[in-house]
Amino acid sequence: MTQRRRGAELEKALLDAAWDELTDNGYARFTMDAVVKRAGTSPPVLYRRWPDRDALVKATIVHVLRESRPAVPDTGSLREDLLTLMREIAGSHVQLITVMYAHLASYHRETGESPGSLFDPVATGRAAALDALFERAVARGEVKPDRLTERIKTLPFVLLRHEILSTFAPVPEHVLEEIVDTIFLPLVCPDAAQPASRLR
């Protein structure tokens, strides 16, 4: 006898089914009925939580990004924290990122909204995670807090995403180091010693 799902377990099952439907068939063919069938539930169960397809897609993206969010490292160095985090994203999240953007091109065409609007860093927990990383760097005296605008804090990861979407492949180490050492650190640590990787 199948155990009835409730609460958080049921919501996770619905969002997992929605993600599977989105990745298998894309946004253009994504329907509430298809998710209901895939999840083995009834329409009222789905519609009580999300009133329409777009609301469900947004909730699904937030869910997947939360589930796949890598742990924030604490190496004792801002440079190494960033490189460690970017290595994990560059190595294990390539498929996730490319699938999302490939399928959500239809979302942009139909709604006029950028797919990037779905990746709310507050809702997915990424903002809090990055804040913790940079707060430790400030406490260590590596960077002054007034240099850490929201745009600058996300810059390494925006550039990393661009590299992934340009190549659809894992990003090489030398590219990660260039993003961190040549572009990011000079913005936030202009008086810092030049990293060894740039002196080779």
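Structural notes, computed from the coordinates. This structure is a prediction, so every number in the text was calculated from the model and none was measured.

### Notes on helix α2 (residues 32-39)
Then, number 1: All of the buried residues along α2 are M32, A34, V35, V36 and A39.
Then, number 2: Here the buried face of α2 lies against α1 (7-25), α3 (43-47) and α4 (53-68).
Then, number 3: A positive phi of about 65° marks G40, the residue just after α2.

### A closer look at the packing of α1 against helix α6 (residues 94-103)
Relative placement of two packed helices is described by the angle separating their axes and the distance separating the axes.
Then, number 1: Axis separation between α1 and α6 bottoms out at 9 Å; the angle between their running directions is 70°. Overall, the two elements α1 and α6 adopt an arrangement that is roughly perpendicular. Contact residues: α1 offers W19, L22 and T23, while α6 offers L96, V99, M100 and H103.
Then, number 2: Here the residues of the contact of α1 with α6 sort into five nonpolar, two polar and no charged.

### Details of helix α10 (residues 173-188)
Then, number 1: With 16 residues, α10 should reach 22 Å at 1.5 Å per residue; the first-to-last C-alpha distance of 21 Å fits that figure.
Then, number 2: Along α10, the largest kink reaches about 25° and is centred on D181.
Then, number 3: Residues V175, L176, E177, I179, V180, D181, F184, L185 and V188 constitute the buried set of α10.
Then, number 4: Looking at the packing, one finds that the buried side of α10 touches α5 (78-92), α8 (126-139) and α9 (150-167).

### Re the packing of aromatic side chains
Then, number 1: Taken as a whole, this structure holds one aromatic pair when the rule is applied.
Then, number 2: Judged by centre distance (6.0 Å) and plane angle (45°), the ring pair of F134 and F184 falls under tilted. Here F134 is found in helix α8, whereas its partner F184 is found in helix α10, with 50 residues between them in sequence.
Then, number 3: Look at F134 and you get buried, because its relative accessible area is 2%.
Then, number 4: By relative accessible area, which is 1% here, F184 ends up buried.
Then, number 5: The ring of Y27 carries R53 above its face, with NZ or CZ at 4.1 Å from the centroid.

### A look at the nonpolar core
Then, number 1: Core analysis: the largest hydrophobic core is formed by 28 residues, its most contacted members being L78, L82, F134, L160, F184 and V188.
Then, number 2: Within the residue set of this core, elements represented by two or more residues are α5, α6, α8, α9 and α10.
Then, number 3: Residue contacts for V188: discarding those within four places in its chain leaves L78, V143, K144, R147, L148 and I152.
Then, number 4: L15, L46, W50 and L96 belong to the second-largest nonpolar core, a separate cluster that totals 26 residues.

Criteria and cut-off values
Residues numbered from 1 in each chain as written. Predicted model: local features only at pLDDT ≥ 70, side-chain atom pairs only at ≥ 80, totals over all residues. Heavy atoms only, no water. Buried < 20%, exposed > 50% of the residue type's maximum accessible area, 1.4 Å probe, protein only. Helix = DSSP H or I, 4+ residues; strand = E, 2+ residues; numbered from the N terminus. Contact = heavy atoms within 4.5 Å. Axes fitted to C-alpha atoms, helices over the stretch in contact; angles between N-to-C directions. Parallel < 35°, antiparallel > 145°, perpendicular 65-115°, else oblique. Nonpolar A, V, L, I, M, F, W, Y, C, P; charged D, E, K, R; others polar. Expected span 1.5 Å × (residues − 1). Bend = angle between axes of the 7 residues up to and from the residue. Phe/Tyr/Trp six-rings, centres within 6.5 Å; stacked < 30°, edge-to-face > 60°. Lys NZ or Arg CZ within 6 Å of the ring centre and 35° of its normal. Core = buried A, V, L, I, M, F, W, Y, C linked by side-chain atoms within 4.5 Å.

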